[in-house]
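# A closer look at the structure
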Amino acid sequence: MPEEGKETDLVFKAMADPSRRKVLDLLYTNNGQTLSQLCEQLDMQRQSASQHIEILINANLITVVWKGREKLHFINPVPIHEVYERWVRKFEENRLSFLHDLKTKLEGDQNETT
């Protein structure tokens, strides 16, 4: 399997879990949180949160920056954008074109006099 496929699989698997999506939401709202800060907002033990975060790190959805002795977690939106570009955008374009055509047909020719 090509590398791109493996990376995409990791992103989909990581985002399949509601707890991991919540971690991403928390970082989207307030980026650069420590594990302790994230645990305060999650309904799980520190060890479980660490395991979920590790999966997100492996999927490149979270990056870690050390600031002194603190380990800060930051959301990395690039893999999500890549999934959007490959799997969502192309379907969205067709839908938008269809809606534009439908609007044009329903409204008729704007150059006609009434």
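Please read all numbers here as calculations on a predicted model, not as lab measurements.

Here helix α2 (residues 18-29) spans 16 Å end to end across 12 residues, near enough to the 16 Å set by a 1.5 Å rise per residue. Turning to α2, its buried residues are Arg20, Val23, Leu24, Leu26 and Leu27. Relative to the axis of α2, the buried residues are bounded by an arc of 160° and lie together on one face. Residues Pro18, Asp25, Tyr28 and Thr29 are exposed on α2 and point more than 90 degrees away from its buried face. Where α2 begins, one side-chain oxygen reaches toward the backbone nitrogen of Ser19, 2.8 Å away; that side chain belongs to Asp17.

Our focus in this paragraph is the side chain of Thr34. By secondary structure assignment, the location of Thr34 is in the loop between α2 and α3 (35-41). Among residues more than four places away in sequence, those in contact with Thr34 are Glu70, Lys71, Leu72 and His73.

With that settled, consider the layout of surface pockets. A volume near 220 Å³ is recorded for the largest pocket. Lining the largest pocket are 14 residues, with Glu7, Thr8, Val11, Pro79 and Glu82 positioned closest to its centre. Of all the secondary structure elements, the ones that give two or more residues to the lining of the largest pocket are α1 (3-15) and α5 (78-107). Of all the elements, α5 adds the most residues to the lining of the largest pocket, at six residues. Residues that form the lining of the largest pocket fall into these classes: seven nonpolar, three polar and four charged. In this structure, the second largest pocket spans a volume of roughly 160 Å³. Forming the walls of the second largest pocket are Thr34, Leu35, Ser36, Arg46, Ser50, Ile53, Glu54, Ile57, Lys71 and His73. Elements with a contribution of two residues or more to the lining of the second largest pocket: α3, α4 (46-58) and β2 (70-75). The leading source of residues in the lining of the second largest pocket is α4, at five residues. Of the residues that constitute the lining of the second largest pocket, the class distribution is three nonpolar, four polar and three charged.

Conventions used here
- Residues numbered from 1 in each chain as written.
- Predicted model: local features only at pLDDT ≥ 70, side-chain atom pairs only at ≥ 80, totals over all residues.
- Heavy atoms only, no water.
- Helix = DSSP H or I, 4+ residues; strand = E, 2+ residues; numbered from the N terminus.
- Expected span 1.5 Å × (residues − 1).
- Buried < 20%, exposed > 50% of the residue type's maximum accessible area, 1.4 Å probe, protein only.
- Arc of directions from axis to C-beta.
- Polar contact = N/O pair within 3.5 Å; in protein donor to acceptor, adjacent residues only side chain to side chain.
- Contact = heavy atoms within 4.5 Å.
- 1 Å grid on protein atoms, 1.4 Å probe; cavity = no way out; pocket = protein on both sides within 12 Å on 5 of 7 lines; lining within 4 Å.
- Points joined across faces, edges and corners; volume = space filled by probe spheres on them.
- Nonpolar A, V, L, I, M, F, W, Y, C, P; charged D, E, K, R; others polar.

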